[in-house]
Structure formats: structure tokens, C-alpha cells
Amino acid sequence: MKLWQFLLSLKARNSPPRVTSRQYLTLLRTYLGPQRLRVAVMALLLFASIAMQLLGPQIIRVFIDAFQRGATQQVLTLTALLYLGVAIGGRLVSALAAYFCEDVGWRATNWLREDLTRHCLNLDRTFHSSYTPGELIERVDGNVDSLANFFSRFMVLVLGNALLVLGILVLMARENAWLGIVMGAYLVISIIAYVRVQKFAIPYYKKHQQAEAVLSGFWGELLASLEDIASSGAAPYILRRYVQLQRQENTAEIKRTFYWTSFEVSGLAIEVVSMIFALIISVYLFVHGSITLGTLVLLLSYNSLMLDYTFELTEQFSALQEATASIERINEIYHTASQVPDGPGVSFPTGALDIAFEEVAFHYESAQPVLRDISFEVPAGMAVGLIGRSGSGKTSLTRLLMRFYDPVVGSICLGGQDLRQAWLEDLRQRVGLVTQEVQLFRATLRENLTFFDERIDDERILAAITQLGLYDWYMRLPEGLDTPLASNGAGLSAGEAQLLACIRVFLKDPQLIILDEATSRLDPATERLITQATERLLRGRTALIIAHRLSTVERVERIMVLEAGQIVEYGSRADLAGDPASRYARLLQMTHPEELLA
Ligand SMILES: Nc1ncnc2c1ncn2[C@@H]1O[C@H](COP(=O)(O)OP(=O)(O)OP(=O)(O)O)[C@@H](O)[C@H]1O
């Protein structure tokens, strides 16, 4: 067992058993395995640099002993030049090794980041609502960042330094067995002491990272609500909260630093004691004629080299603490299983899909019923207008169709297939969602429409725009598909953002459309464009339209009225309109029905 493995196993025994040495190794195997060749070159360079560092003091010894024996000028010059060559060569090889380590480390962390991002994207809404965006960024990016150290520096320094220290011990033992044994025993005791101190420090690293994540999360929320903060004059209160969080982060950092410093102090103490040991033993051996002056210098310089590297090892342990805290936090996300797992996969029919809800009940985390006893069917190709007061459950019902959540009771079928049996990706490819809040990226119009999918060419995008009747609108854009858009749609009206959402969904060509109509008032021109685009979008597809204005559902075949999570009316729009006792007919009679639908 190598020294570093030994250290890791000690560490694993001393800390809460969250990250075991096996997990460290699995992580290394997963992310370093695919770059075996690069790792091999890195290790080779590492060993070469270690060998050259050990060689230096040996040459000095030869030089001193040769000088004492009265060797010729030529021998002395050659020895000095050899030392110079080894010293310069050693530096070059170390620099090259460091380059490879960085390269390996960054590749590994980028893969890890990619895996984590994919995992987060597949997690359900409950997970995402339990973290602020800032916190997630901190975990996926910040925590992984600190692992770069683990993959690169930790590898170079711990593995390299541990081997170097071992090498020195072996060389010391060759000169004098007792010296080797005493220094070796001393080293093992010191390492155990470090590892024990480390046990206390890990929670403080975690707390600091948590505090940092909360602060970043707050920043994210703050930036997202700048307009609200300014318009409500809340800046002083927000700032006070920010200062509070900043203070918590500072306190956590001070505690973390305290433990790190205690490492440094213990490292220094160990260094001094070790120097005293080495000096006493070497001078004793020299005085009794067991070693030459050259060997005395060699032993002292080896000891100082060994201490330097042992000290660096301790620094690596604080880096390991940071990495451990990061791995724990990353593990928390990795071990979060989605509450809406992928099904085995089904084959949906082609063309428009019919919908069937059977005795569906649903609630969010709070267990407050949101939907109750929901049973209905929508034939393929039919458009249904969903109306009801705010909070009646319209959006929740459509979220179940996308499988953002699963019903607590009952089942939902699309095209005759139970949603739970479908692959999520397949299902979401077949259902298109146009919501009130259209999320845009800071990228070009093209990238926003295709979600960065480069397989969708410009011709297809322009064809979609034309088919939706938006070509004139598109021609007014300053740079066509290259028009840059700001994140969150800044610079676009709510109507324009909905138009983009329509094009996005049209490009996806789904078989069912869920349309959540924008509540904000639109100018008549944009309203006309949206009406026209949605009409064309819905052609030949099944549709559920959450309507906040009765005009939106003037042309749908059926109307569903929801009240407090239950269907209180569902039927043909014409029949309901013609029945004076129906809720829909009463809404039609009202001067301002929007007040009940908003
Ligand atoms: N993510 C969520 N977590 C917890 N509760 C939620 C969540 N989303 C909605 N709710 C609650 O579920 C109930 C139904 O909300 P839902 O958004 O489905 O209603 P809605 O009819 O679409 O309202 P609106 O027209 O205002 O959008 C409400 O009481 C709401 O507070």
C-alpha cells in the first residue's frame, strides 16, 4: 500500500464515513481512467523529477568528499557541472510534470462538471425548487473547481512528495539504519497527528462552502429582482440582508482559516524537532567516524528536503479537506434521485395524441391538495380551453402532462400510453410548452430558437417563421437570426418573447401543445401576431390552452372549468355557451370576466 493510500484510509477512519477512501479512488478512476496515457506521462515525469531531486545532494556529497581527498580541479569541475545539469534538468522536468498535471486536472473536472450538469438537468422540479440558482452554480462550478486541485496538485504533490519522502528515508537508512528507523518512526507519528487534526477541520470547510453558496444564491436572487427592489425602495433592507450573509460567510472563513493555520503551526513544530534529531544523530556519527563530512552534509540536506516536502504534504491535506468537503457536497447532489424516474420506454402513435386523466390527485411538498379526482379525456387533435380562478390548479394540471411531477393518485395516458412508462426525453419531445415566462439566453436569436442545437439549419428556422406568419416581423429584426438577445428577454416585450416561444415549439414539432397564455396586456399588433402564430401552431395537434381572456378560447372545441383543484365543468364550448346555467355562459355574460380568470 502506497503512503498516500495509507493516509487516505487513515483519513477515512477518522472522519464521518461520508467519503470513503474507496470513493476517492472511484472518483480518480472514473475521471483519470479515460486519460490513462496522459496520466502515465505525468507519472513518468513526476518520478524523473523526484529521482533528480534525490540525486542533487548525492553529487554534493561526492564533491565534498572528493575535495577532502584532494581530487584534481578537473574532477571537481566536472562534478560541479553535473550538479548544475541535474538541478536545471530537474526543474525543467518538474515544470513539464506540473503542466501535465494541470491538463489532467482540468480535463477531469470539466468532465465531472458536465456529468453533474446533466444530472441536475434530469432532476425533478422539487429538487430545483429546493436550491437557489446561485447555490447550484456554486455546487456545480465552485465545488468542482476545488476538485481540480484534488485531480492535479494533489496527485503531483501528495503522490510525488510522499514518494520523495519515502525515497529519502530509504537513502538515509542505507547510510545508517538507525537514522532511517528513527526518522521514519518520527514521520509516521507526525503524519498521524496531522490526520487527526484534519478530522476537526472538515466540518468547517463544509460550513464555509455552504455559507459561500448561500451568499451566491442571494446574489442570484438579487440580480433577478433588480426592478422589483428599485421600484419598492427595498435596497436598504436587501443590503442589510446581504451584509448579514456576508458576515456569516466571513465568520465561517475565519474558522476555516484557524484550522488551516493550526496545520501550519504543527508542521513548523515538527520541522524544528526533526532538524534537531537529524543534527544530533548525524554529528554523532561523524564524530565517531561512521560517516564522512560529505555524508553529513548529504544527510542534513536530505532531512531538510524531506521536511520541506512533508510540510507541503500537510498543505495538501488542507487541500484534501477542501476536496473532501466538495466531494461530500457534490455527492449530495449525485445521490439525489429524480422523483420522476425514466420509464422503460413506449412507442407513442404518430400524429396528434389523445389525453386521458384517470382519477388523478396531486399535491406539492406541502401535502395541501392541489388537484382532486381529475378524470377527463381529450380526443386527438382537439383544442381544450382551460379556465379557472388563479390558484385553481390549471398550471399544475399541465405540469403533470410534461411529467415535471407525477400524480400522487391515478394515472395519465398520452396516445394510449401511461406517462410513467415513457422515456422522459421522448415524452418531452412530443409535448410542446409555451409558458407565460419565456426564458431566453444571452445569445443570438438563432441560438435561442434552436437551444444551441446546430443540427437545425437556418432554412428550417426561416420556414418555421414563415409558416407561423411571422416573416414580416422577422424582417424588421436588425440582424436577422444573428440578432443578439439579452438574458431573461430584456429588450423584448412579453408578446415578442411569446412569439419566440411559439417558433421554438414549432421547430420541435410536438404532437401536443400546452399553451399558457400571457396575462400581461399586449399591444393589438403583437396580439394579432400571437393569435395567428398560435392558430397555425395548433393546427393538426392536440392542445390545452390555459386562457386568461375568453377571447383566446373563442375557437376551441371544448372548455374545462377548474375550481379549487376540481373539474366543475367540461364539455363542448358551443353547448356550454348555450346553457345559461353553465359557469362558462355566466362568464361570457360578465363585463370583466378577466378579473375572475387572471
Ligand atoms: N411549485 C409549487 N410548489 C408548491 N405549491 C405550488 C407550486 N406551484 C403552485 N402551487 C400551488 O398549487 C396551487 C395551484 O397552483 P397553479 O399554479 O396550478 O394554479 P393556476 O390555476 O395555474 O393559477 P394561475 O392562473 O395564477 O397560474 C396554488 O395553491 C399554488 O399556490
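Residues numbered from 1 in each chain as written. Predicted model: local features only at pLDDT ≥ 70, side-chain atom pairs only at ≥ 80, totals over all residues. Heavy atoms only, no water.

1. Brief notes about the pairing of strand β4 (residues 409–414)
Thought 1: When strand β1 (residues 355–363) meets β4, the two strands line up antiparallel, connected through five bridges. From the neighbouring strand, I355 faces β4, where its bridge partner is L414.
Thought 2: Judged from the two bridges that link them, β4 and strand β5 (residues 417–418) form a sheet pairing that is antiparallel. Looking at the pairing, L414 lines up with Q417 of β5. (Pairing = 2+ DSSP bridges. Helix = DSSP H or I, 4+ residues; strand = E, 2+ residues; numbered from the N terminus.)

2. Focus: the pattern of salt bridges
Any two side chains of opposite charge can pair, given that their charged atoms come close.
Thought 1: Inspection of every chain in the model, using the stated rule, returns 14 salt bridges.
Thought 2: The partner of D103 in a salt bridge is R107, with the nearest N and O atoms 3.4 Å apart. Taken together, the positions of D103 and R107, both in helix α4 (residues 73–122) and four residues apart, correspond to about one turn of that helix.
Thought 3: One salt bridge connects D115 with R118, and the closest N-O pair in it is separated by 3.3 Å. Placement of the pair is D115 and R118 together in helix α4, with a separation of three residues, close to one helical turn. (Salt bridge = Lys/Arg side-chain N within 4 Å of Asp/Glu carboxyl O.)

3. Describing the sheet that holds strand β2 (residues 369–378)
Thought 1: Pairing is antiparallel in the open sheet, where four strands are placed in the order β2-β1-β4-β5. Edge positions in the sheet fall to β2 and β5, since each of these pairs with one other strand and no more.
Thought 2: Most of the contacts of helix α12 (residues 394–401) go to β1, to which it runs at about 115°, and overall it touches β1, β2 and β4. (Contact = heavy atoms within 4.5 Å. Axes fitted to C-alpha atoms, helices over the stretch in contact; angles between N-to-C directions.)

4. A few points about the UniProt feature "transmembrane region" (unreviewed entry) in the protein chain
Thought 1: Within this numbering scheme, the UniProt entry marks residues 38–63, 75–100, 150–171, 178–197 and 272–300 as carrying the feature "transmembrane region" (unreviewed entry).
Thought 2: Secondary structure across residues 38–63 divides into 100% helix and 0% strand, with the first and last C-alpha atoms of the span separated by 38 Å.
Thought 3: Between the C-alpha atoms that bound residues 75–100 there is a distance of 37 Å. The span itself is 100% helix and 0% strand. (UniProt positions renumbered as here; feature names shortened; annotations may be inferred.)

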